[in-house]
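This is what each chain is made of:
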Amino acid sequence: MKKIIILTIALVTIISLISLPIETSAKTIKQFEAEVNKYTAELNEVKSKMAKNDADIAAIKKKIANLEQQMVDAQNEIERLQKEIDESEKEIERKSEESKSIIEYYQIANGTNAYLEYAFGAKDITDMIYRMSVVEQLTEYNDKVMKELEELIKNNKKKQQELSQKKVELTKLKDDAEFEKKRIQADSASLRDTVPSIETQIKEAQEMVKYYKSLGCGATEDIQACQYRIEQSSGNSLPSVGFFSRPMRQGYVVRGKSSYHTGYDLSSYNKSEPIYPIAAGSIHAIYTDACVGNSWCANMGIRCNGNAKIVVVKHKYNNGYVYSSYVHLSSYANIRVGQFVTKDTLIGYMGNTGCSTGPHLHLEVASCFWKNNGGCTYEGYTNRIFNPNSIVNLPSSWNNR
């Protein structure tokens, strides 16, 4: 029974290896040159959009400054009106006291109706008419002054309400402008933080065109097939890989590959777990990504812990190549690009660099790579990433490679 199980597992493994969805065909030099032109056009479009965004942001900043000044002016006017209201109320009080003083001066402050007593205290009709005229004029004067002051207070309070409403409207306009500014800035940040940048993609594609032309590949020849042929004839080809190992001695799967996740996230109880190649090959690239400030990292709610340290190993497999990437390393081992490695060569240590939620290894495999003459552009690379578990046995947890 045990032999049957072992044979069954072996048979399933062989079938899965035979039916691996690894596309080994690459592009031609002519196609690469076309993609360089396409990327250049995209770069010009991005630069144009960034320039427009910068101009829009400058205009919005000017608008915000103008709104802030209007808000300051409105507040100053509110304070000026309040002072005028306070002075008017004091004036009403002063005029009231003044009226009393005038009445007291004419000695008519006795009784409940001082004006009437003053008028009927006349010695003769002439004096009475005179006194009635004084009372009437004083009454009219006081009424006029009081009404004017009350109207002034009423108007000032109305102006205060209008200015307060204006401040609310200005605040909303300012908030809207700030929101639009942040939106444009986020758009510009997204354009600047493209990973990798369009400039980098153009540079890498141009380098590949130059490299494959120097090898003598034809304009319409498959460049990976050309490279494979030349390496075979030169005797410098990589050893063929028939079996892949796990990249760490002990660990567990955190997350698998999906439509939005390009590889397998692996971790270990040892947060500085040594990392090894999944098979023999050569160090194809050692680099850091452009994580710092990337909007995609922030949008996912993940803190960016600095540029992610990455090692890429190139393997010869099924008459083609497989490229394995080891991402978020805390540090590199003593390795160099072009160095031949075995599955037991230390390449680095598991870490938390880059767009990461904690110490882990992001293992990614593809049938080409976009850097160091890996046979495809970044767009082609993203289309040719495949599931690591199709070549590496990754159970939920393990204690050996």
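Not measured: the values here are computed from a predicted model.

The rules behind these values
Residues numbered from 1 in each chain as written. Predicted model: local features only at pLDDT ≥ 70, side-chain atom pairs only at ≥ 80, totals over all residues. Heavy atoms only, no water. Helix = DSSP H or I, 4+ residues; strand = E, 2+ residues; numbered from the N terminus. Buried < 20%, exposed > 50% of the residue type's maximum accessible area, 1.4 Å probe, protein only. Areas by Shrake-Rupley, 256 points an atom, 1.4 Å probe, with all protein chains shown as cover. Pairing = 2+ DSSP bridges. Expected span 1.5 Å × (residues − 1). Arc of directions from axis to C-beta. Phe/Tyr/Trp six-rings, centres within 6.5 Å; stacked < 30°, edge-to-face > 60°. Lys NZ or Arg CZ within 6 Å of the ring centre and 35° of its normal. Salt bridge = Lys/Arg side-chain N within 4 Å of Asp/Glu carboxyl O. Polar contact = N/O pair within 3.5 Å; in protein donor to acceptor, adjacent residues only side chain to side chain. Contact = heavy atoms within 4.5 Å. Axes fitted to C-alpha atoms, helices over the stretch in contact; angles between N-to-C directions. Parallel < 35°, antiparallel > 145°, perpendicular 65-115°, else oblique. Left-handed = near helix turned anticlockwise from the far one by under 90°. Nonpolar A, V, L, I, M, F, W, Y, C, P; charged D, E, K, R; others polar. pLDDT = per-residue confidence, 0-100.

Below, the discussion takes up the overall build of the chain. If you tally the helices and strands in the chain, you get eight helices and 12 strands. Across the 401 residues of the chain, 40% fall into the buried class. Carbon and sulfur atoms form 54% of the exposed surface of the chain, whose accessible area is close to 22600 Å².

By way of backbone hydrogen bonds, the strands of a sheet pair with one another, either parallel or antiparallel. With antiparallel pairing, three strands are arranged side by side in an open sheet as 3-9-7. Across the chains shown, the open sheet's two edge strands, defined by having one partner strand only, are strand 3 (274-275) and strand 7 (331-332). Bridge count for strand 3 against strand 9 (residues 348-349) is two bridges, and the pairing is antiparallel. For I275, the partnering residue across the bridge sits in strand 9 and is G348.

This part covers the pairing of strand 5 (residues 309-317). Of all nine residues in strand 5, eight are buried, a share of seventy percent or more. Relative to strand 6 (residues 320-329), strand 5 runs antiparallel, the two being bridged by nine bridges. When the sheet's bridge partners are listed, V311 is paired in strand 6 with Y326. Linkage of strand 5 to strand 6, two consecutive antiparallel strands, is achieved through a turn of two residues, within which N318 is found at a positive phi near 50 degrees.

Relative to the assigned elements, K316 resides in strand 5. Given the relative accessible area of 7%, K316 is considered buried.

Taking 1.5 Å as the rise per residue, helix 5 (residues 198-215) with 18 residues should run 26 Å; its terminal C-alpha atoms sit 26 Å apart, in good agreement. The complete set of buried residues in helix 5 reads I198, Q201, I202, E204, A205, M208, V209 and Y212. Along the long axis of helix 5, the arc covered by the buried residues comes to 165 degrees, so they all point the same way. Turned more than 90 degrees from where helix 5 packs its buried face, K203, K210 and S214 sit exposed. At the C-terminal side of helix 5, G216 shows a positive phi close to 95 degrees.

This next bit is on the packing of aromatic side chains. Any aromatic ring pair is given by two values, namely how distant the centres are and how the planes are angled relative to each other. All told, the structure shown has nine aromatic pairs when counted by the stated rule. Where Y378 meets Y381, the ring centres are 6.4 Å apart and the plane angle is 40 degrees; that geometry is what we call tilted. Here Y378 and its partner Y381 are both found in helix 8 (residues 378-383), three residues apart, which amounts to about one turn of the helix. Residue classification places Y378 among the partly exposed residues on the basis of a relative accessible area of 26%. In this structure Y381 comes out as buried when scored by relative accessible area, which is 4%. Through a chain of ring-to-ring contacts, the aromatic side chains of Y287, Y323, F369, W370, Y378 and Y381 assemble into a single cluster. For K314, the ring lying beneath its charged end belongs to Y321, and the centroid distance is 4.2 Å.

With that settled, the discussion passes to helix 6 (residues 223-234). Across its 12 residues, helix 6 extends 16 Å between first and last C-alpha, which sits within 8% of the 16 Å expected from 1.5 Å per residue. For helix 6, the complete set of buried residues consists of I223, Q224, C226, Q227, Y228 and E231.

This paragraph deals with the pattern of salt bridges. The full count for this structure, using the stated rule, is nine salt bridges. We note a salt bridge from R80 to E77, for which the minimum N-O separation is 2.7 Å. Here R80 and its partner E77 are both found in helix 2 (residues 29-105), three residues apart, which amounts to about one turn of the helix. Overall, R80 belongs to the partly exposed group, its relative accessible area being 39%. The class for E77 is partly exposed, based on a relative accessible area of 27%.

Among the secondary structure elements, H315 is positioned in strand 5. Here A280 takes part through its backbone oxygen, which lies 2.9 Å from a polar atom of the side chain of H315. Setting aside residues up to four positions removed in sequence, H315 forms contacts with L238, V241, F244, I278, A279, A280, G281, G320, Y321, V322, S324 and Y326.

In this section: the packing of helix 5 against helix 6. Put simply, helix 5 and helix 6 touch, their axes get as near as 10 Å, and they point 45 degrees apart. The angle between helix 5 and helix 6 places the two elements in the oblique class. Along this stretch, helix 5 crosses helix 6, giving a crossing that reads as left-handed. Contact residues: helix 5 offers Y211, Y212 and L215, while helix 6 offers I223, Q227 and I230. The residue makeup of the contact of helix 5 with helix 6, split by class, is five nonpolar, one polar and no charged.

Residues of strand 2 (residues 264-267) alternate between two faces, with Y264 and L266 on one and D265 and S267 on the opposite face, all of them buried. The sheet contact formed by strand 1 (residues 251-255) and strand 2 spans three bridges and is antiparallel. Note that in strand 2 the partner of Y252 across the bridge is S267. Pairing geometry for strand 2 and strand 10 (residues 361-366), over three bridges, is antiparallel. Within the sheet, the bridge partner assigned to Y264 lies in strand 10 and is L363.

Scored by pLDDT, the chain has a mean of 77; 74% of the residues are at 70 or more. Low pLDDT, under 50, characterises residues 1-25; the predicted model gives this stretch 21 contacts beyond four residues in sequence or across chains. Low pLDDT, under 50, characterises residues 105-112; the predicted model gives this stretch 13 contacts beyond four residues in sequence or across chains.

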